[in-house]
Amino acid sequence: MLTVVVATGNPGKLKEMQAYLGDLDWALQIKPDDLDIDETGTTFLENARLKASEVAKALGQWAIADDSGLEVDALDGAPGLYSARYADSDQARIERVLRELEGKANRRAQFVCAIALARPDGTIALETLGICRGEMLTDPRGDGGFGYDPIFYVPDLGRSFAELSPTEKEAHSHRGVAFRQLMPALKTLNREI
Ligand code: ITT
């Protein structure tokens, strides 16, 4: 059985990643709290590679990392790579985005999720990028999920991400898309190792 470290310190992501990886016969470990990687990349994929690779090397284990964020069209793609650092709490981050969007007619936005899997020597075995388009609400709705979920609206479903069940979020979200893209290769890798 392959031991893989889930290289995130974000409990919302961790829960989703554990659920999406549940089909694989892997022993999942959680990254130690004190192992923090500087996100110095200039793209989501670069940061995902960096986190997976550094955690893998530090622990001598396979590691899987997610770098993700919200890109709002009318804010030229902000908060983007800085989604986690946009303010001090989920609520403050939501308030900042809503404030910056005041008076803007274009509410279109997307969530982006890069996933990278690193071998114990830090080399990247697999990577992918998932995107989910949607719209920014003017007020938060729902109490599920995490992060910006209460203000991200999916027109096809008529609900915000925070109003979806975990299974519905998996079916539509950037992270769900990324993991579905990766799954065939993960299963192949599983057989080869
Ligand atoms: P790790 O680097 O430890 O994984 P992080 O929270 O710092 O945790 P990122 O740098 O990738 O992770 O930042 C992603 C941020 O984007 C995250 O903190 C949320 O604010 C937001 N985000 C990503 N996916 C999201 C989702 O599914 N729903 C809501 N917000 C999301």
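Note that the coordinates shown come from a computational prediction; the quantities given were computed from them, not determined experimentally.

(A) Summary view of the site of the ligand. Every one of the 20 residues lining the ligand counts as a neighbour, but Thr8, Lys13, Lys51, Asp149 and Lys169 are closest to it. Among the elements of the structure, β3 (62-72) and α5 (174-192) are those that each provide at least two residues to the shell around the ligand. Ranked by residue count, the leading element in the shell around the ligand is β3, at four residues. Considering only residue class, the shell around the ligand consists of four nonpolar, eight polar and eight charged.

(B) The arrangement of helix α2 (residues 44-59) in detail. The end-to-end C-alpha separation of α2 is 23 Å, in line with the 22 Å expected for 16 residues at 1.5 Å each. Within α2 the residues assigned to the buried category are Phe44, Leu45, Asn47, Ala48, Lys51, Ala52, Ser53, Val55 and Ala56. Among the residues trailing α2, glycine 60 stands out with phi positive, at a value near 65°.

(C) Just the pattern of salt bridges, in detail. The final tally for this structure, using the stated rule, is 14 salt bridges. Of the charged contacts, one joins arginine 175 and aspartate 66 as a salt bridge, the two residues approaching to 2.5 Å between their closest N and O atoms. Taken together, the residues span a long stretch of sequence, with arginine 175 in helix α5 and aspartate 66 in strand β3 at a distance of 109 residues. Each member of the pair, arginine 175 together with aspartate 66, is buried. Three or more residues are tied together by salt bridges with common partners; here these are Lys13, Glu16, Asp66, Asp149, Lys169 and Arg175.

(D) Broad picture of the sheet that holds strand β6 (residues 152-154). Pairing is mixed across the open sheet formed by seven strands, whose spatial order is β2-β1-β3-β4-β5-β6-β7. At either end of the open sheet lies a strand with only one pairing partner, and these are β2 (26-30) and β7 (159-160). With two bridges connecting them, strand β5 (residues 124-136) and β6 associate as antiparallel partners. When the bridges of β6 are listed, glutamate 135 appears paired with tyrosine 153. Each of β1 (2-6), β3, β4 (108-118) and β5 touches α2; the most contacted strand, β3, lies at about 155° to it. α5 contacts β1, β2, β3, β4 and β5 of the sheet and is inclined by roughly 160° relative to β5.

(E) Seen up close, the environment of aspartate 38. Looking at the secondary structure, you find aspartate 38 in the loop between β2 and α2. On a C-alpha basis, the gap between aspartate 38 and alanine 105 in space is 36 Å, while along the polypeptide they are 67 residues apart.

(F) Spatial organisation of the side chain of serine 173. When you line up the elements, serine 173 lands in the loop between α4 (166-172) and α5. One polar contact links the side chain of serine 173 to the main-chain amide nitrogen of glycine 176, over a distance of 3.0 Å. Those residues in contact with serine 173, other than ones at most four positions away along the chain, are Tyr20, Cys132 and Phe161.

(G) Looking closely at the packing of aromatic side chains. According to the stated counting rule, one finds four aromatic pairs in the structure shown. Ring geometry for tyrosine 20 and phenylalanine 179: centres 5.5 Å apart, planes at 70°, overall edge-to-face. Placement of tyrosine 20 in helix α1 (residues 11-20) and of phenylalanine 179 in helix α5 is noted, with a sequence separation of 159 residues between them. Taking the relative accessible area as the measure of exposure, tyrosine 20 reaches 5% and is therefore buried. In this structure an aromatic cluster arises from ring pairing among Phe111, Phe152 and Phe161. The residue whose ring lies beneath arginine 96 is tyrosine 86, and the NZ or CZ to ring-centre distance is 3.7 Å.

(H) Just the pairing of β5, in detail. Sheet topology places β4 next to β5; 11 bridges connect them, and they run antiparallel. Counterpart to arginine 108 in the pairing with β5 is glutamate 135. Once β4 ends, the chain turns through five residues before running back antiparallel as β5, passing glycine 122 with a positive phi of about 95°.

Criteria and thresholds
In every chain, residue numbers begin from 1 and rise along the written sequence. At least 70 in pLDDT is required for a residue's local features to be given in this predicted model, at least 80 for side-chain atom pairs to be given and counted, and no such filter applies to totals for whole chains, interfaces and linings, which use all residues. Just so you know, side-chain values use all the structure's heavy atoms and leave hydrogens and water out. The criterion for a residue being near a molecule or strand is simple. One of its heavy atoms has to lie within 4 Å of it. Think of it this way: any DSSP run of H or I at least four residues long counts as a helix, any run of E at least two long counts as a strand, and we number them from the N terminus. Under the grouping applied here, Gly and all other residues not named as nonpolar or charged are polar, the nonpolar ones being Ala, Val, Leu, Ile, Met, Phe, Trp, Tyr, Cys and Pro and the charged ones Asp, Glu, Lys and Arg. The span one expects for a helix is its residue count, reduced by one, times 1.5 Å. Buried residues are those whose accessible area, probed at 1.4 Å on protein chains only, stays under 20% of the maximum for their type, while exposed residues exceed 50% and partly exposed ones sit between those limits. When a carboxyl oxygen of Asp or Glu lies within 4 Å of a side-chain nitrogen of Lys or Arg, that pair is called a salt bridge. Strand pairing requires that DSSP identify at least two bridges connecting the strands. Working rule for contacts: check all heavy atoms of both residues, and any pair within 4.5 Å makes them a contact. Fitting a line to C-alpha atoms yields each axis, with helices limited to the stretch in contact; the angle taken between N-to-C directions then spans 0 to 180 degrees. Identification of polar contacts relies on pairs of N or O atoms within 3.5 Å, with a donor-acceptor requirement for protein atoms, meaning one able to donate a hydrogen and the other able to accept it, and with residues adjacent in sequence counted only if both atoms are side-chain atoms. Aromatic pairs are defined between Phe, Tyr and Trp rings, using the six-membered ring for Trp, whenever the two ring centres lie within 6.5 Å; interplanar angles under 30 degrees are classed as stacked, those over 60 as edge-to-face, and all others as tilted. Placement of a positive charge over a ring is assigned whenever Lys NZ or Arg CZ falls within 6 Å of the ring centre and within 35 degrees of the normal to the ring plane.

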